[in-house]
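Here's the letter readout for the chains.
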Amino acid sequence: MDYKDLNLIGSSSPHIRTKDGAGHIMGEVLIALVLPLAFAVYNFGPRALAVTAVSVAGCCAFEWLYRIILRKNNTLGDLSAAVTGVLISFVCPVTIPYWILLIGDFFAIVVVKQLFGGVGKNFLNPALAARAFMLCWAGEMTRWVGPRSSVAVTGAIDAMTYPTPMSYLHENNLADLQSVYDLPKMFVGLIGGSLGEVSAMLLILGGLFLIWRRVITWCIPVSYIGTVAALTFLFPRGNDPVQWMLYNLLGGGLMLGAFFMATDYVTSPVSRPGQVIFGLGCGLITVFIRYFGSYNEGVCYSILIMNLTVWIIDKSIRPRRFGVVKERKPVRAPENRGKEVPKK
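Anyway, here's the lowdown on the structure attached to this text.

Conventions and cut-offs
- Residues numbered from 1 in each chain as written.
- Predicted model: local features only at pLDDT ≥ 70, side-chain atom pairs only at ≥ 80, totals over all residues.
- Heavy atoms only, no water.
- Axes fitted to C-alpha atoms, helices over the stretch in contact; angles between N-to-C directions.
- Helix = DSSP H or I, 4+ residues; strand = E, 2+ residues; numbered from the N terminus.
- Left-handed = near helix turned anticlockwise from the far one by under 90°.
- Contact = heavy atoms within 4.5 Å.
- Nonpolar A, V, L, I, M, F, W, Y, C, P; charged D, E, K, R; others polar.
- 1 Å grid on protein atoms, 1.4 Å probe; cavity = no way out; pocket = protein on both sides within 12 Å on 5 of 7 lines; lining within 4 Å.
- Points joined across faces, edges and corners; volume = space filled by probe spheres on them.
- Parallel < 35°, antiparallel > 145°, perpendicular 65-115°, else oblique.
- Phe/Tyr/Trp six-rings, centres within 6.5 Å; stacked < 30°, edge-to-face > 60°.
- Buried < 20%, exposed > 50% of the residue type's maximum accessible area, 1.4 Å probe, protein only.
- Lys NZ or Arg CZ within 6 Å of the ring centre and 35° of its normal.

1. Things to note about the packing of helix 12 (residues 219-234) against helix 15 (residues 272-292)
Relative orientation and spacing of two packed helices are given, respectively, by the angle between their axes and the distance between those axes.
Here is step 1 of the chain: Contact geometry for helix 12 and helix 15: axes closest at 7 Å, N-to-C directions at 35 degrees. With respect to the hand of their crossing, helix 12 and helix 15 are arranged in right-handed fashion. Contact residues: helix 12 offers C219, I220, S223, Y224, T227, V228, L231 and T232, while helix 15 offers R272, Q275, V276, F278, G279, L280, C282, G283, L284, T286, V287 and Y291.
Here is step 2 of the chain: Residues of the contact of helix 12 with helix 15, tallied by class, amount to twelve nonpolar, seven polar and one charged.

Below you can see the structure in the form of structure tokens.
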């Protein structure tokens, strides 16, 4: 055979490539978020759609401007900015002022993401970091309205503000919570709360869609939700264990965080054992904050804290390298024990 006629290409790994780039993956995530967004519009009125549109537009604009000013290539095609915009709107109340929302968009895209090198190089989840920063305006970020409230695009509310299920749980007031929201309403999402975290049913469906499409694995969601379920069942704080556990699972941002936030490729471990450890840590911190913190929800901060541990998890749990044999330690004779082994 004449090897001179072969078209050989020399390149670095990985040598096996697929067409599933960042844009394709983020597009799948956006598809999974369509139904929760539609329910948010049904539950809170047209302003839910307006808030999401403003957030997506703000994130895309800030990323485009940053890349233009620094004369870098345009990265809007990977859709990561659009996903960040949707997730930021999902963790905010529907009454959030637009100017606070745009500040959060700037913090997520420019400070958390672009200043560290862009997509794939941030060490915190941009949407959750933005939410934590936006809590500087705590009054606006904790202004909740009840289900089926008609919130106009201008922000006018045709309903009274409502306590969320997590407010009742934080006060250990399960009886009053049951009288306001039963479990079917909690599961469907006919409750007060952040714009996109109320419908556990649709968030679970979206998460299962991502697992089916192999965009995410089951490891983080199952270990995260399972840890919260186990701890709240074993320590029900004087309430019925099953009811207490179910209300803790369906209330707050647990489902949104477990399926769409904690599974972020960049800020979660690579290996499956590492992902299980990551989910366990998120669950432990979430319950700890809910039980002992002054803040009634712990999903945001638990994921951000565990984001900071990803480097050590990946360093400690490394996949086996094929073809590499572990070097054996030299066996010392009894008369040489305690003596220093001479260097080669």
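2. Re the layout of surface pockets
Here is step 1 of the chain: Empty space within the largest pocket amounts to approximately 470 Å³.
Here is step 2 of the chain: If you go around the largest pocket, you meet 28 residues; those closest to its centre are M26, V83, D264, Y265 and V266.
Here is step 3 of the chain: Listing elements by their share of the lining of the largest pocket, those giving two or more residues are helix 1 (22-32), helix 4 (80-90), helix 6 (126-134) and helix 14 (254-261).
Here is step 4 of the chain: Classifying every residue of the lining of the largest pocket by side-chain character gives 17 nonpolar, seven polar and four charged.
Here is step 5 of the chain: Its volume calculated, the second largest pocket comes out at about 280 Å³.
Here is step 6 of the chain: Elements that contribute at least two residues to the lining of the second largest pocket include exactly helix 6, helix 8 (165-170), helix 14 and helix 16 (299-307).
Here is step 7 of the chain: If you tally residues by element for the lining of the second largest pocket, the top one is helix 14, at three residues.

3. Points about the packing of helix 15 against helix 16
Here is step 1 of the chain: For the pair helix 15 and helix 16, the least separation of the axes is 8 Å and the interaxial angle reads 140 degrees. Comparing the axis directions of helix 15 and helix 16 gives the class oblique. Seen along the crossing, helix 15 lies across helix 16 with a hand that is right-handed. Seen from helix 15, the contacting residues are I277, F278, G281, C282, I285, T286, I289 and R290; seen from helix 16, they are V299, Y301, S302, I303, I305, M306 and N307.

4. What to know about the packing of aromatic side chains
Here is step 1 of the chain: The final tally for this structure, using the stated rule, is eleven aromatic pairs.
Here is step 2 of the chain: With a centroid separation of 4.3 Å and an interplanar angle of 0 degrees, the aromatic rings of F107 and F133 are classed as stacked. Separated by 26 residues along the polypeptide, F107 in helix 5 (residues 98-113) and F133 in helix 6 bring together distant segments of the chain.
Here is step 3 of the chain: An angle of 80 degrees between the planes, with centres 5.9 Å apart, marks the rings of Y295 and Y301 as edge-to-face.
Here is step 4 of the chain: We classify Y295 as partly exposed; its relative accessible area is 23%.
Here is step 5 of the chain: Judged by its relative accessible area of 29%, Y301 is partly exposed.
Here is step 6 of the chain: Sitting over the ring of Y98, R47 keeps its end group 4.4 Å from the ring centre.
Here is step 7 of the chain: Taking the ring centre of W212 as reference, the NZ or CZ of R213 above it sits at 5.6 Å.

This is a description of form; function is not addressed.
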